[in-house]
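As a plain string of letters, each chain reads:
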Amino acid sequence: MSASNIKEITVLAPAKVNLFLHIVGRRPDGYHLLESLFAFADIGDKLTLKKAKDISFKVSGPFKEICQRAGCDGEGNLVFKAATELAKISSGKGAEITLEKNLPLSAGLGGGSSDAAAVLKGLQILWETEVDEDALFNLALDLGADVPACLLGGACFVAGIGEEITPLEEFEDLEVVLVNPKRPLSTPQVFKSFMEANRPFTPPLDLTPDINESQERLITETHNDLQGPAIALTPDVAKILGALEGCDGNVLARMSGSGASCFGVFENRGQSEKATAWLAREHPKWWVAETRLSKRAPFLLFSG
């Protein structure tokens, strides 16, 4: 099928997991400097993009009502902003965009950032346009600190405020269970809690000579500086971590990003599936999902 015959595409906006998150400093303008290892799941939100005269946006999916209550189901959504800004620097004009919201909101899984990145990638296919790489990166960074890494869509080491991205040439798949208490956690509030606690900044990592030889170290010898502050705001985070640690085959339990989602790394797929079933049964109010983190997450799901 030639590009000119494509009228509709469906793309995945994969969940982003921070395998660790260190706060290493703070800029004079107030932005925190970080170091983190991003990996992307094979599950996430889905976006359906159809050719149209104008840009329109709507939300569907299991978290639709929460989006509506939060006021992010209209033109204020980052997806709509990403589409309109891309149209300004490309030959694209219109698209009917439907976001199937499958990930919890304000969850530390990069949902909004990944949604925006997926739209930037998908609309270039739909509109048959290719934006200058530097212009696209700057647009992504303007949309949010995590958007450039989500645009890359693969395992990477991230530093600065999110603009320093080093793709990992090698990354072993990880079998993971994601858990969220279905309680949104405000990123600004978590950072505020971090600062109020007068927590020291973590020294930057020494990743020489080769970052691609350091995956195990980047997971096992690291931590999430925001985990303690998040627990102080949402004690359910500690409960989730304890539940994950109690599952057979769990080798690591940690919070992702600013929370409240946590992840458990398991020895194999069978153990992660059993843990998912047990957690869903014992904690029916939690959102629980089994997934795999790979070097590069899937993107284009359907075109027609």
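Residues numbered from 1 in each chain as written. Predicted model: local features only at pLDDT ≥ 70, side-chain atom pairs only at ≥ 80, totals over all residues. Heavy atoms only, no water.

**Here we look at the overall build of the protein**
In terms of helices and strands, the protein carries 10 helices and 11 strands. Its C-alpha atoms give the protein principal-axis dimensions of about 50 × 45 × 35 Å. For the protein, with 304 residues in total, the buried portion stands at 54%. In the protein, 76% of the contacts between residues at least 6 apart in sequence involve partners at least 24 apart. Total accessible area on the protein is roughly 13800 Å²; 48% of this is exposed by carbon and sulfur atoms. Taking the average location of the 30 positive side-chain charges in the protein and that of its 41 negative ones, the two points are 8 Å from each other. (Helix = DSSP H or I, 4+ residues; strand = E, 2+ residues; numbered from the N terminus. Buried < 20%, exposed > 50% of the residue type's maximum accessible area, 1.4 Å probe, protein only. Contact = heavy atoms within 4.5 Å. Areas by Shrake-Rupley, 256 points an atom, 1.4 Å probe, with all protein chains shown as cover. Lys, Arg positive; Asp, Glu negative; His and termini not counted. Charge placed at Lys NZ, Arg CZ, Asp CG, Glu CD.)

**Some remarks on the side chain of His 22**
Along the chain, His 22 falls in strand β1 (residues 8-26). Apart from the residues lying within four places of it in its own chain, the contact partners of His 22 are Leu 33, Leu 34, Glu 35, Thr 202, Leu 205, Thr 222, His 223 and Asp 225.

**Focus on unusual backbone geometry**
Put simply, Gly 259 and Ala 260 share a cis peptide bond, and its omega is 10°. Following the sequence through the fold, Ala 260 ends up in the loop between β8 (250-255) and β9 (262-266). Of note, the phi angle at Lys 182 is positive, near 60°, even though the residue is not glycine. For Lys 182, the position within the fold is in the loop between β7 (174-180) and α6 (187-196). At Asn 198, a position not held by glycine, the phi torsion is positive, near 55°. Take Asn 198: it is sitting in the loop between α6 and α7 (215-220).

**Let's talk about the packing of helix α2 (residues 78-88) against helix α4 (residues 133-143)**
α4 packs onto α2 with a crossing angle of 150° between their chain directions and a minimal axis gap of 11 Å. Judged by the angle between their axes, α2 and α4 are roughly antiparallel. The handedness of the crossing between α2 and α4 comes out as right-handed. Residue-level inspection shows Leu 78, Lys 81, Ala 82, Glu 85 and Leu 86 of α2 in contact with α4, the latter providing Leu 136, Leu 139 and Leu 143. (Axes fitted to C-alpha atoms, helices over the stretch in contact; angles between N-to-C directions. Parallel < 35°, antiparallel > 145°, perpendicular 65-115°, else oblique. Left-handed = near helix turned anticlockwise from the far one by under 90°.)

**So, the pattern of salt bridges**
Applying the stated criterion to the full structure yields 13 salt bridges. Its salt-bridge partner being Asp 146, residue Lys 16 comes within 3.4 Å of it at the nearest N-O pair. Taken together, the residues span a long stretch of sequence, with Lys 16 in strand β1 and Asp 146 in the loop between α4 and α5 (147-152) at a distance of 130 residues. Exposure remark for Lys 16: the relative accessible area of 3% places this residue in the buried category. Asp 236 serves as the salt-bridge partner of Lys 239, at 3.7 Å between the closest nitrogen and oxygen. Taken together, the residues Lys 239 and Asp 236, both in helix α9 (residues 236-245) and three residues apart, mark about one turn of the helix. Because the salt bridges share partners, they merge into one network encompassing Glu 175, Arg 269, Glu 273, Glu 290 and Arg 292. (Salt bridge = Lys/Arg side-chain N within 4 Å of Asp/Glu carboxyl O.)

**What about the pairing of strand β10 (residues 287-294)?**
β10 sits mainly inside the fold: seven of its eight residues count as buried. Of the strand pairs in this sheet, strand β2 (residues 32-51) and β10 are connected by two bridges, and their pairing is antiparallel. What sits directly across from Ala 41, in β10, is Leu 293. One ladder, built from seven bridges, connects β7 with β10; its direction is antiparallel. (Pairing = 2+ DSSP bridges.)

**Quick look at a negative patch on the surface**
A cluster of acidic side chains, namely Glu 169, Glu 170, Glu 172, Asp 173 and Glu 216, defines a negative patch on the protein surface. Topologically, Asp 173 is positioned in the loop between β6 (164-167) and β7. Note on Asp 173: relative accessible area 43%, which makes it partly exposed. (Patch = residues over 30% accessible without salt bridge, like charges linked within 9 Å, V, L, I, M, F, W, Y side chains within 5 Å.)

**Focus: helix α3 (residues 111-126)**
For α3, which comprises 16 residues, the first-to-last C-alpha distance of 22 Å matches the rise-based estimate of 22 Å (1.5 Å per residue) to within 8%. α3 sits mainly inside the fold: 13 of its 16 residues count as buried. A positive phi of about 55° marks Glu 128, the residue just after α3. (Expected span 1.5 Å × (residues − 1).)

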